[in-house]
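Analysis of the macromolecular model
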Amino acid sequence: MTNGPTFLYDCDTGIDDAMTLLYLASLVRAGEARLVGVGTVHGNIDPLTGALNTLRVLEAAGAAEGVPVAVGAARPMAQDVHYALDWHGTDGLGDTRLPDPAGRPTAESAPAQIVRLARAMPGELTLLATGPLTNLGAALLLDGELPSLIREVVVMGGAFDHPGNITTHAEANVWHDPEAADLVFAADWPVVLVPLDATHPTAVHDDWLDRLAAHDSPVARFAAGILKFYETAYTPTLKRRGAVIHDALAAMLAVDPGLGEYAHRPVRVELRGELTRGTTVWDARSLPAEDVRRPVKVAVGSDVRAFQERLLTALTSF
């Protein structure tokens, strides 16, 4: 009997999504979670490449059996598509040029998969989203009852008191599809939002990376290999060797909410600002205005040491 969350994972499989898939696979192996499907979306890379990357990672972890991987939205709702090749490589996995996976994506679209699984497992699914939110927005438009069917939505995205990472104020996942993100934050379902404010302090550096590289298992070698590109991309930002594995923090807080500190506020997305489109906005005043939106549980910090150690343990557990 599996304890712990039942995950449906929506991602744009680049490097930190891959680390998160390995973390989830370690939980599945330990009987601490279920992974019932993965959907991919434009973002770090196009969604078909992302789906093939997802299959590569799951196969490397021995976790591909029984996990359908669906290709989702290839572009945002209301703007041109952009990819993050400078951060994740032209193949999404640090230009490692890995062989094709044995498996193939399913014929079902990722938004349709969300609706189907939510209908089949009402009240059970933790919908973990670590890419642009186009698939979730589309699923909300497909099925107006979806919010009542999902146990929890956990999103890596946004920035509040932290600068943006794609524009001055906007975080990449929200900026890649602001309209979809606003639909998700407006819907009447429990949302946990894990923004840059929480993820950036978890950056891993030399000691952690060296400990991973020293572990001579195929999965640890796989993880260390794709992280090399990410380390190089992050060095100018962090001013030293390191990387921020944003998405894994969202997954870990979904499993163990007690690792985080939270604020509860309605969240909106700026859709029209010339300099601020894609910015997540909350009312941080001591007397916030009344808002019809359901408050979002926003992670404002975490137990950094516990996150880093648990992630390293997961990546070296295979």
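Notes on the structure follow. Please read all numbers here as calculations on a predicted model, not as lab measurements. (Residues numbered from 1 in each chain as written. Predicted model: local features only at pLDDT ≥ 70, side-chain atom pairs only at ≥ 80, totals over all residues. Heavy atoms only, no water.)

**Notes on the overall build of the protein**
How we decide: Helix and strand labels come from DSSP, where a helix needs a run of H or I of at least four residues and a strand needs a run of E of at least two; each type is numbered from the N terminus. Using C-alpha atoms as the atom set, the radius of gyration is obtained and then compared with a globule rule of 2.2 Å times the number of residues to the power 0.38. Note on exposure labels: buried denotes an accessible area under 20% of the residue type's maximum, exposed denotes more than 50%, and partly exposed covers the range between, all computed with a 1.4 Å probe on protein chains only. Residues count as neighbours in contact if any of their non-hydrogen atoms are within 4.5 Å of one another. Working definition of accessibility: Shrake-Rupley area with a 1.4 Å probe, residue cover restricted to the visible protein chains. The charge count treats Lys and Arg as positive and Asp and Glu as negative. His and the chain ends do not count. Note on charges: their place is set at NZ of Lys, CZ of Arg, CG of Asp or CD of Glu.
For the protein, the count of helices and strands is 13 helices and ten strands. For the protein, whose C-alpha radius of gyration is 18 Å, the value lies close to the compact-globule estimate of 20 Å for 318 residues. Considered along the principal axes of its C-alpha atoms, the protein spans approximately 55 × 45 × 40 Å. In the protein, which comprises 318 residues, the proportion classed as buried is 58%. Within the protein, counting contacts between residues at least 6 apart in sequence, those at least 24 apart form 82% of the total. For the protein, the computed accessible surface area is about 12700 Å², with 53% contributed by carbon and sulfur atoms. Taken as two groups, the 25 positive and 40 negative side-chain charges of the protein have centres that lie 2 Å from each other.

**Details of the side chain of Thr20**
Looking at the secondary structure, you find Thr20 in helix H1 (residues 15-29). Here Thr20 falls in the buried class, since its relative accessible area comes to 0%. Ignoring sequence-local partners within four residues, the contact set of Thr20 consists of Tyr9, Leu128, Asp247, Ala248 and Ala251.

**As for the pairing of strand E6 (residues 191-194)**
Put simply, the test is: Between any two strands, pairing holds if DSSP finds at least two bridges.
Every second residue of E6 is oriented toward a common face, with Val191 and Leu193 on one face and Val192 and Val194 on the other, all of them buried. Sheet topology note: the strand E5 (residues 152-156)/E6 ladder contains four bridges and is parallel. The residue of E6 that forms the bridge with Met156 is Val194.

**Looking at the pattern of salt bridges**
Note on pairing: side chains with opposite charge can pair once their charged atoms come close. Here is the rule we go by: Throughout this description, the term salt bridge denotes a Lys or Arg side-chain nitrogen within 4 Å of a carboxyl oxygen of Asp or Glu.
All told, the structure shown has 21 salt bridges when counted by the stated rule. The partner of Arg241 in a salt bridge is Glu231, and the shortest N-O contact between them spans 2.9 Å. Within this pair, whereas Arg241 is found in the loop between helix H11 (218-238) and helix H12 (246-255), its partner Glu231 is found in helix H11, the two being separated by ten residues in sequence. Exposure remark for Arg241: the relative accessible area of 28% places this residue in the partly exposed category. Note on Glu231: relative accessible area 12%, which makes it buried.

**Side note on the nonpolar core**
As a reminder of what qualifies: Definition of nonpolar core: a set of buried residues of the types Ala, Val, Leu, Ile, Met, Phe, Trp, Tyr and Cys, connected through side-chain atoms within 4.5 Å.
Counting residues in hydrophobic clusters, the biggest one holds 66 residues, and the most contacted among them are Leu24, Val38, Val194, Trp208, Leu212, Leu227 and Leu311. For Val194, the residues in contact, after removing those within four places along its chain, are Val154, Val155, Met156, Gly157, Thr199, Leu249, Ala250, Leu253 and Ala299.

**Some points on the environment of Glu171**
Here is the rule: Pairs of N or O atoms are called polar contacts if they sit within 3.5 Å, as long as, within protein, a hydrogen donor faces a hydrogen acceptor (for residues adjacent in sequence, only side-chain-to-side-chain pairs).
Relative to the helices and strands, Glu171 is located in the loop between E5 and helix H7 (172-176). C-alpha of Glu171 to C-alpha of Gly157: the two residues are 14 residues apart in sequence and 6.4 Å apart in space. Residue contacts for Glu171: discarding those within four places in its chain leaves Met156, Gly157, Gly158, Ala159, Gly164, Asn165, Ile166, Leu196 and Gly278. Of note is the side chain of Glu171, whose polar atom sits 2.8 Å from the backbone nitrogen of Asn173.

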